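# Chains, contacts and geometry: an overview
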Amino acid sequence: MANRSIKSKNLSFFEKYLTVFVFACIILGILLGRSVPELALTLDSYTVFNVSIPIAIALFFMVYPIMVKIDFGQVLKAAKTPRPVGLTLFLNWVVAPLSTFLIAWFFLGYLFVGFLPGTEIIATGQQIELWRSYLAGVIILGIAPCTAMVLMWNYLARGNDGLTLIMIAVNSLVMVVVYAPLASFLSGISQVPLPWETIAFSVAIYVFFPLVSGYYTRRWIIKNRGWEWFEKKFLRFIQPVSIIALLATLILLFTFKGEVIVDNPLTIFWIAVPIFVNAIFVYALSYFFLARKLKLSYEDAAPASMIGASNHFEVAIATTILIFGLGSGAALATVVGVLIEVPLMLMLVAISKKYCGLYAECHLGEEQCPVNKETALTCKEEEESISCNIDKSD
């Protein structure tokens with residue numbers, strides 16, 4: 001009889017039930033918006049240079065815990081694994097921006113445009129059609145690659161943890177330089193002109209500043225308290241901070257947009273469709289075609305494909321709030337991305353594992369521990385921290 005145990009750290013309480021908490025915060029926000037409509041307006045009135053202080057604080061604590069986990073020394077090792085890293089960069093900065101724009105434009109600007117009437121005045125004072133605001137939000141979300149949550153999806157898919165961390169770090173650094181002009185360019189094509197300087201300012205606040213803060217925090221703690229204290233004490237302490245800050249932001253967003261959602265609940269569905277279709281397209285292109293053409297192993301192909309399909313919704317939310325405003329359609333579109341992220345990525349994890357056999361180096365399932373009825377065998381995979389103990393059966 002074969003007993004198989006997986007040694008790994010458990011998902012946190014917030015991570016395990018993230019979808020439930022997201023729905024709960026949406027409902028709470030809608031109820032607050034209906035019962036206390038002036039709450040979000042009052043909170044958003046506290047600004048510095050047109051940046052909402054409450055939102056800025058919440059968004060900083062969403063991003064900072066992600067940045068502090070990045071080992072910049074590992075980024076240098078990316079040169080030793082150019083194919084999966086190159087695939088990730090190609091997906092995130094070439095394929096995803098183009099497919100996001102085309103798919104979002106087809107659904108929101110053509111197929112569903114009749115279901116998205118009305119206009120709104122964004123933070124810049126410009127009046128635009130609501131569907132264009134939703135479109136801009138989906139674009140800004142679609143070109144913000146990967147989040148720390150990818151580490152969880154990779155763990156569930158039993159992929160290469162070290163390579164996943166490297167790809168996340170590389171993408172975070174590339175984002176500081178590329179994200180602003182790319183978002184400005186694509187938004188301009190959709191006739192929502194956004195100065196790239198404004199987007200660059202939001203990236204500086206919500207990417208560069210947390211990145212620098214995380215780097216020096218990590219360096220100081222490891223130097224003065226040691227790696228063990230950093231990993232077992234500090235990281236465990238801040239692990240739920242990012243998700244708590246995200247949930248707090250969701251409450252604020254839906255407090256402001258509660259009336260719109262209640263009056264037109266199908267809006268969430270119309271926005272979710274292009275986000276879902278684009279994620280499936282990018283993932284399928286990578287996992288079933290490009291990764292196989294590059295002859296990657298399953299352990300590298302799975303995380304590379306899921307990073308390409310997922311989004312850094314913290315940065316996207318921050319950018320849309322800063323540029324369009326807390327109650328804008330664009331901000332709502334990025335929140336929809338959060339809403340479907342967990343079930344969507346869990347589905348992709350299941351697909352990855354089911355079709356692992358497409359890769360020659362697939363080591364999932366019982367075949368990795370062949371049973372010998374005559375003798376007891378023990379096999380161990382160090383990279384995935386999986387131990388398989390096989391006892392002799394009668």
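Residues numbered from 1 in each chain as written. Predicted model: local features only at pLDDT ≥ 70, side-chain atom pairs only at ≥ 80, totals over all residues. Heavy atoms only, no water.

### Observations regarding the packing of aromatic side chains
Rules: Here a pair means two rings of Phe, Tyr or Trp (six-membered ring of Trp) with centres within 6.5 Å. Their orientation is stacked below 30 degrees between planes, edge-to-face above 60, and tilted elsewhere. Here a helix means four or more residues in a row that DSSP labels H or I, a strand means two or more in a row labelled E, and each is numbered from the N terminus. By definition here, charges over rings are those cases where NZ of Lys or CZ of Arg is within 6 Å of the ring centre and within 35 degrees of the ring normal.
In the structure shown here, the tally under the stated rule is 17 aromatic pairs. Ring geometry for phenylalanine 112 against tryptophan 270: centres 4.7 Å apart, planes inclined by 45 degrees, an arrangement best described as tilted. Within this pair, whereas phenylalanine 112 is found in the loop between helix 6 (82-111) and strand 4 (119-121), its partner tryptophan 270 is found in helix 13 (residues 266-293), the two being separated by 158 residues in sequence. A network of ring pairs unites the aromatic residues Phe106, Phe107, Tyr110, Phe112, Phe115, Phe269 and Trp270 as a single cluster. Just above the ring of tryptophan 229 sits the side chain of arginine 225; from NZ or CZ to the centre is 4.3 Å.

### Description of the nonpolar core
For clarity, the threshold we go by: For this analysis, a nonpolar core means a set of buried residues of the types Ala, Val, Leu, Ile, Met, Phe, Trp, Tyr and Cys, connected via side-chain atoms within 4.5 Å. Here's how the labels work: a residue is buried when its accessible area is under 20% of the maximum for its type, exposed when over 50%, partly exposed in between, all with a 1.4 Å probe on protein chains only. When checking whether two residues touch, look at their non-hydrogen atoms; a contact exists if any pair is within 4.5 Å.
Counting 102 residues, the largest nonpolar core has Val22, Tyr179, Leu250, Ile271, Met306 and Phe324 as the members making the most contacts within it. It is helix 16 (residues 329-354) that contributes the most residues to this core, 14 residues altogether. If we ignore the near neighbours within four places in the chain, the residues touching methionine 306 are Trp153, Asn154, Ala157, Tyr283, Met345, Val349 and Ser352. Core analysis: the next-biggest nonpolar cluster, separate from the first, contains eight residues, Val68, Ile221, Phe234 and Ile238 among them.

### Re empty space enclosed by the protein
Heads up, the condition is: In this analysis, the protein atoms alone were mapped onto a 1 Å grid. Cavities are point sets where a 1.4 Å probe fits without being able to get out; pockets are open sets with protein on both sides within 12 Å along at least five of seven lines; lining residues have an atom within 4 Å of a point. Grid points are joined across faces, edges and corners, and a volume is the space filled by probe spheres set on the points. Three residue categories are used. Nonpolar comprises Ala, Val, Leu, Ile, Met, Phe, Trp, Tyr, Cys and Pro, charged comprises Asp, Glu, Lys and Arg, and polar comprises the others, including Gly.
Tallying each qualifying case throughout the model produces four cavities of 30 Å³ or more. Taken as a whole, the largest cavity spans an internal volume of roughly 110 Å³. Every residue lining the largest cavity is counted, 15 residues in all, and those nearest its centre are Thr100, Gly142, Ile275, Asn278 and Asn311. Elements that contribute at least two residues to the lining of the largest cavity include exactly helix 6, helix 7 (130-142), helix 13 and helix 14 (298-309). The dominant element in the lining of the largest cavity, judged by the number of residues it contributes, is helix 13, at four residues. Across the lining of the largest cavity, the residue classes break down as eight nonpolar, seven polar and no charged.

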